[in-house]
Each structure stands twice: as structure tokens, then as C-alpha cells.
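Coordinates in review
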Amino acid sequence: SAIDKHESFKRATLANAQASIGEVGNVRFDILRDANDDGSWTFVETYADADSNANHKTTAHSKAWQAMKAETNLIISVENYAPVHPSDEDWTYSNATQASLEDEDEMGDGSVVHVYCRVEAKDVEAFRAACVKNASNSMLEEDNLRFDVFQNVDDETKFVLVEVYATTAAANAHKETAHYLEWRDAVASMMAEPRAA
């Protein structure tokens, strides 16, 4: 049934993530399910370097997940991003942590939002600078757990902001801060298309 397939996917995905976190060079392996669509998932796989990422694909747990993916006809799109903020060095020395199915609701009223931005080519550097300033200030907010800025490796005009707050109220309060409003106004004219979250 669809429910059984969903549960099998969930368990196989968690097993892959838990094993991946133990790999040399793995910084983070996040699994996120869309709050409004149980069938839509995002994986954020962060490795300290290209070799670690390549080695991941040769592991038994990665191959098992790939086999499950082929059997269930998953529709997957993959994009590669490099960190803008925090810096490469900060990522390299971050620590991955393990979760379990029982920890699924650990975030409680938490908020994880990915903001997708495509900017005009002429504004790439200005957008990066504005995002670093906003992210640096956002990380000082109460209940901010993470505020990452990534740039697409293959298309420098594409960015993803990963905003993690301990509560939905804190995430909403972020949109009232002076640094967010400054960022919003500064980047409005830089967008090649409306940003999406």
C-alpha cells in the first residue's frame, strides 16, 4: 500500500542518513519532510570536501538507498551548492548528530525554511554580501538555531537560504527585525524571479 511504501522509504532514508553521519568528512545529513506534503522531501547532504562526497556514493548504505530509490520510482532532482555563510572552515569543523524515528518531533513547534533565490548576474556579489550580513545578524536572534547561505555550484545566480528556528514564533519574529527588513529591501531589485520558500 501507499502507507507501507511511505514507511519503507522513511526507514530506509533514516538508515542511510544515520550511517552517512558516521562517514569521515560528513558534516551534516539532514532529512526534511515538507510540512504541507508528506510525499515531498529534501535532503541536505553536507561534506567537508569533494572526495568525502564521492566516497559516500561507494558505501553499502548509499548503494542500498539507491536500490530502494530505483525500485520505488522516486522522482529526484539534485543540485550542488557551496557554502557562502558560514565559511568553508566553519563547515569543516561542524559536527553531525544522529536522530532516530522516535526523535521525529524533537523540533516540536520548530521552523525549518529553505528560501530559493535567483538573482540577476550583475548582482551576484552584492546579493552574497547582503545575505552574509543578514545571516550573521540572524544567528544572534533568540531561538535561531541555524542560518545558512548556499550558492549553486553550476549556476552562480541561484542561492538557497536555510533558516532554522526553535519556534515558529521566533521565525515569524525574524521577519520583523531591522536586519531582515534591510535585507528584504536591499535585494528586492536584484531578483531575477520572485523568491520562493
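Turning our attention to the overall build of the protein. Along the protein, the regular secondary structure elements total seven helices and six strands. With 197 residues in all, the protein has 35% of them scored as buried. Taking the contacts inside the protein whose residues are at least 6 apart along the sequence as the reference set, 67% of them involve residues at least 24 apart. Total accessible area computed for the protein in this model is approximately 11600 Å², and 50% of it derives from carbon and sulfur atoms.

Moving on: the packing of aromatic side chains. Here the structure, examined in full by the defined rule, presents six aromatic pairs. Aromatic pair F9 and W41: ring centres 5.0 Å apart, planes at 75°, arrangement edge-to-face. Within this pair, whereas F9 is found in helix α1 (residues 2-21), its partner W41 is found in strand β2 (residues 37-47), the two being separated by 32 residues in sequence. For the pair F43 and W65, a centre-to-centre distance of 5.5 Å together with 70° between the ring planes defines the contact as edge-to-face. One end of the pair, F43, is in strand β2; the other, W65, is in helix α3 (residues 60-72), with 22 residues separating them in the sequence. F43 sits in the partly exposed class, given a relative accessible area of 25%. Judged by its relative accessible area of 7%, W65 is buried.

Evaluated as defined, the whole model comprises eleven salt bridges. Close ionic contact of R28 with D30 constitutes a salt bridge, the shortest N to O distance being 2.6 Å. In terms of burial, R28 and D30 fall into one category: buried. A salt bridge links E125 to R128, with the nearest nitrogen and oxygen atoms 3.8 Å apart.

Take T177: it is sitting in the loop between α6 (168-174) and α7 (178-187). We classify T177 as buried; its relative accessible area is 18%. Placed 39 residues apart in sequence, T177 and S138 show a C-alpha to C-alpha distance of 8.7 Å. In terms of polar contacts, T177 uses its side chain to reach the backbone amide nitrogen of Y180, at 3.2 Å.

A separate point is the nonpolar core. Residues F127, V149, F159, W183 and V187 are the most contacted members of the largest nonpolar core, which totals 21 residues. Apart from residues no more than four positions distant in its own chain, F127 is found in contact with C117, V119, F159, W183, V187, M190 and M191.

On to the side chain of Q151, then. By secondary structure assignment, the location of Q151 is in strand β5 (residues 144-152). Here the side chain of Q151 touches R128 through a polar contact of 2.5 Å, side chain to side chain. Once residues lying within four places of it in the same chain are set aside, the contact partners of Q151 are N80, Y81, A82, V84, V124, R128, E156, K158 and F159.

A word on the confidence of the model for the protein. Of the residues in the protein, 87% reach a pLDDT of 70 or more, and the chain-wide mean stands at 85. Within the protein, helix α4 (residues 88-92) has the poorest average pLDDT of any element, 58, and α7 the best, 98.

Before going further, it helps to examine α3. Between its terminal C-alpha atoms α3 stretches 18 Å, which fits the 18 Å expected from 13 residues at 1.5 Å a residue. Among all positions in α3, only S62, W65 and M68 are buried. For α3, the angular spread of buried residues about the axis comes to 120°, placing them on one side. Of the residues in α3, the exposed ones pointing more than 90 degrees away from the buried face are A60, K63, A70 and E71. At the exit of α3 stands N73, carrying a positive phi of roughly 55°.

Here the bond from H85 into P86 is cis, since omega is -5°, no more than 30 degrees from zero. For P86, the position within the fold is in the loop between β3 (81-85) and α4. Unusually for a residue other than glycine, D143 sits at a positive phi of about 70°. Mapped onto the secondary structure, D143 falls in the loop between α5 (124-138) and β5.

Calculation rules
- Residues numbered from 1 in each chain as written.
- Predicted model: local features only at pLDDT ≥ 70, side-chain atom pairs only at ≥ 80, totals over all residues.
- Heavy atoms only, no water.
- Helix = DSSP H or I, 4+ residues; strand = E, 2+ residues; numbered from the N terminus.
- Buried < 20%, exposed > 50% of the residue type's maximum accessible area, 1.4 Å probe, protein only.
- Contact = heavy atoms within 4.5 Å.
- Areas by Shrake-Rupley, 256 points an atom, 1.4 Å probe, with all protein chains shown as cover.
- Phe/Tyr/Trp six-rings, centres within 6.5 Å; stacked < 30°, edge-to-face > 60°.
- Salt bridge = Lys/Arg side-chain N within 4 Å of Asp/Glu carboxyl O.
- Polar contact = N/O pair within 3.5 Å; in protein donor to acceptor, adjacent residues only side chain to side chain.
- Core = buried A, V, L, I, M, F, W, Y, C linked by side-chain atoms within 4.5 Å.
- pLDDT = per-residue confidence, 0-100.
- Expected span 1.5 Å × (residues − 1).
- Arc of directions from axis to C-beta.

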